[in-house]
Protein chains: 2
Amino acid sequence: MKKSIGILGGMGPLATADLFRKIVLLTDAARDNDHIRIYIDDNASIPDRTAAILSGGADPLPAMTDSLRKLEACGADCIIMPCNTAHYFLPRLQALTDVPFLSMLEASASACRARFPGRTAAVLATKGTLAAGLYQQVLTAQQVPFLVPAPPEQDALMRIIYDGVKAGKSPDTYRADMESVLHALSAQGADYFILGCTELPLAAELLGLHVPTVDPTTELAKAVIRFCGYSVNE
Amino acid sequence: MKKSIGILGGMGPLATADLFRKIVLLTDAARDNDHIRIYIDDNASIPDRTAAILSGGADPLPAMTDSLRKLEACGADCIIMPCNTAHYFLPRLQALTDVPFLSMLEASASACRARFPGRTAAVLATKGTLAAGLYQQVLTAQQVPFLVPAPPEQDALMRIIYDGVKAGKSPDTYRADMESVLHALSAQGADYFILGCTELPLAAELLGLHVPTVDPTTELAKAVIRFCGYSVNE
């Protein structure tokens, strides 16, 4: 029996659309009826995750729980979240339901180990994701060498994510910031880059980046397609 | 009070992702929380609409009704369908619910009248949409001059839609078909083209078409953004 997907989305909306599109394009299908059934709650009312983790911002858990209940009621067989920082709340959400969550971060760590064995990853992510140690934990567990951005590069990443992609601005407004982040981390020994915030694969595409990367949105899409009993179109 | 959207999707999945992305990109928003709440049922189990209209294929109404009920239960304030041919079933679906459906075809006819006053549209669509007269009705009602493809061009359009876009094939496999359709209709007096099947804006983008078009997916996105009380980012 093939399974359906629930996407707990809106964090942000364009990243949710990106995940949806990647699942569709990566599903091995020749007609509409070969695809996976996908329920999405693109819930734009979820408070900012980094603000909640770092600076006492509104708790996103009630709005996320509302979305979880709606996806459960639709009949979703698994839940995924196109927001790396939101994974800080995953254990508390998982405790509320028997529907399994698939982790974008674990899928990404597995891809790092498979594609870049022994090489050093740089974790590009929000301050919330970095402060919570979300990638540090999964990369350590999978024995993937990594380094994290220093404060100036963390500031640049937040500008790219919030003032650039989420604000719908042109990539020219954040090109210099991205170049300085990549340069600084390469100089410290990074061999490749985890685009560990769902706005960053969008930024990379718009900027036409040509550096080795792991895209957690793509890795999550592949993992969920296989979980649901379908084949990945590679 | 701002409204939410329900997308009755899966017809096809890539067209559903395209509509979702266009709504997000066309919404005037500076942060996640400025966006519209969107519920999507990407229901890949809905039987083919053209087959049902033309050749006694399975009735799509039960599966569409299942999606409608799920979107209603989520709390959607309006329903839209990213499938022109599916609008054949809209009156029967609307009779089942108080939640208003917005018509992709009416939004497109309004755009034709506003953007190309007095000029002649060519309706590019599935055989199901053309046989049911869906565009002929709305264009006549809004006094938009139009012409429809002859049988050889209808065959070519069905190949582009089904053997090309829905099958995930390269645009090179349908470039010649698209060129012959545009050439034949231009020769008959068409001034612009309604991309009246949701796979056709995807085909046009992949082919890099440079002819004047009306994209019903974009027009529906703009109409639903305004209906929900938000501004279009033009």
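Placed above this text is the structure.
Rules used throughout
Each chain has its residues counted from 1, following the order in which its sequence is written. As they are written, the chains are lettered A onward and the ligands numbered 1 onward, keeping that order. Only residues with pLDDT of 70 or above have their local features reported here, since the model is predicted, and side-chain atom pairs are shown and tallied only from 80 upward, although totals for entire chains, interfaces and linings are computed over all residues. Excluded from the side-chain calculations are hydrogens and water; all other atoms, namely the structure's heavy atoms, are used. In superposing the copies, a least-squares fit is computed on C-alpha atoms, taking residues whose pLDDT is at least 70 in both. Working rule for contacts: check all heavy atoms of both residues, and any pair within 4.5 Å makes them a contact. Any two strands are treated as partners once DSSP identifies two or more bridges connecting them. The numbering of helices and of strands both runs from the N terminus, where a helix is a DSSP run of H or I of at least 4 residues and a strand a run of E of at least 2. For helices, the fitted line uses only the C-alpha atoms of the stretch in contact; every axis is such a line through C-alpha atoms, and the angle between N-to-C directions lies from 0 to 180 degrees. Partly exposed describes any residue whose relative accessible area lies between the buried limit of under 20% and the exposed limit of over 50%, with all areas from a 1.4 Å probe on protein chains only and scaled to the type maximum. For salt bridges, the criterion is a side-chain nitrogen of Lys or Arg within 4 Å of an Asp or Glu carboxyl oxygen. Ring pairs shown here join Phe, Tyr and Trp side chains whose ring centres sit within 6.5 Å, with only the six-membered ring taken for Trp; geometry is labelled stacked below 30 degrees between planes, edge-to-face above 60, and tilted in between. Sitting over a ring, as applied to charges here, requires NZ of Lys or CZ of Arg to be within 6 Å of the ring centre and within 35 degrees of the ring normal. Only a pair of cysteine sulfur atoms within 2.5 Å qualifies as a disulfide here.

**Student:** What should I look at first to understand the relation of the copies chain A and chain B in this one?
**Tutor:** For the pair of chain copies, the relating transformation is a rotation about an axis with a translation along it. Screw-axis analysis of chain A against chain B gives a translation of 0.0 Å along the axis, an RMSD of 0.0 Å, and a rotation angle of 180°. Here the symmetry operator amounts to a two-fold rotation axis. Taking C-alpha positions as reference, the residue of chain A nearest the rotation axis is Ile40(A), located at 2.4 Å. Of the interface residues in chain A, 100% have counterparts in chain B that sit at the interface too, so the contact is made through matching surfaces.

**Student:** Looking at this structure, I do not really get the sheet that holds strand 5 (residues 146–147) of chain A. What am I missing?
**Tutor:** Strands in a sheet are paired, the pairing made by backbone hydrogen bonds, and the direction either parallel or antiparallel. All names here are of chain A. An order of 5-4-6-7 is seen for the four strands of this open sheet, with the pairing classed as parallel. Both edges of this open sheet fall to strand 5 and strand 7 (213–214), since each of them pairs with a single strand only. Helix 9 (residues 175–187) rests against strand 4 (121–124), strand 5 and strand 6 (192–195) of the sheet, and its axis sits at about 145° to strand 4.

**Student:** Can you help me understand the pairing of strand 2 (residues 38–42) of chain B in this one?
**Tutor:** Remember that side chains alternate between the two faces of the sheet whenever the strand is regular. All names here are of chain B. Counting buried positions along strand 2 gives five out of five residues, so the element sits mostly inside the fold. Of the two faces of strand 2, the one carrying Ile38, Ile40 and Asp42 and the one carrying Tyr39 and Asp41 are both buried. Across five bridges, the pairing between strand 1 (residues 5–9) and strand 2 is parallel. Opposite glycine 6, over in strand 2, you have tyrosine 39 as the bridge partner.

**Student:** Could you clarify how one ought to interpret the pattern of salt bridges in this entry?
**Tutor:** Any two side chains of opposite charge can pair, so long as their charged atoms come close to each other. Going through the model one piece at a time under the given rule, you end up with 30 salt bridges over all chains. In this structure, Asp32(B) and Arg49(A) form a salt bridge, with 3.2 Å as the shortest nitrogen-oxygen distance. Of the two residues, Asp32(B) sits in the loop between helix 1 (13–26) and strand 2 while Arg49(A) sits in helix 2 (residues 49–55), which places them in two different chains. Since its relative accessible area comes to 2%, Arg49(A) is described here as buried. Within this structure, Asp32(A), Arg49(B), Lys166(B) and Glu199(B) form a network of salt bridges that share partners.

**Student:** How should I be thinking about the packing of aromatic side chains in this particular structure?
**Tutor:** Any pair of aromatic rings gets described here by the distance separating the centres and the angle formed by the planes. On inspection of all chains with the given rule, the structure shows five aromatic pairs over all chains. With 6.4 Å between their ring centres and 45° between their planes, Phe20(A) and Phe20(B) make a pair best called tilted. Of this pair, Phe20(A) sits in helix 1 (residues 13–26) while Phe20(B) sits in helix 1, on two different chains. Ring geometry for Phe116(B) against Tyr192(B): centres 3.9 Å apart, planes inclined by 15°, an arrangement best described as stacked. Of this pair, Phe116(B) sits in the loop between helix 5 (104–115) and strand 4 (121–124) while Tyr192(B) sits in strand 6 (residues 192–195); the two residues are 76 residues apart in sequence, bridging distant segments of the chain. The exposure classification of Phe116(B) matches that of Tyr192(B), with both residues buried. The ring of Tyr230(B) has Lys2(B) sitting right over it, with the charged end atom 4.4 Å from the ring centre.

**Student:** Help me understand the sheet that holds strand 3 (residues 79–80) of chain A, please; the structure alone is not making it clear to me.
**Tutor:** Strand order in the open sheet formed by six strands is 3(A)-1(A)-2(A)-2(B)-1(B)-3(B), with mixed pairing between adjacent strands. Looking at the sheet topology across the chains shown, the edges are occupied by strand 3 of chain A together with strand 3 (79–80) of chain B.

**Student:** Which parts of the structure should I look at to understand the state of the cysteines?
**Tutor:** Here, disulfide denotes a covalent bond that connects the sulfur atoms of two cysteines. One pass over the structure, following the stated rule, counts zero disulfides over all chains. Cys74(A) carries a free sulfur, and the closest cysteine sulfur to it, the one in Cys74(B), is 4.0 Å from it. With no disulfide of its own, Cys78(A) lies 4.1 Å from the sulfur of Cys228(A), the closest cysteine sulfur.

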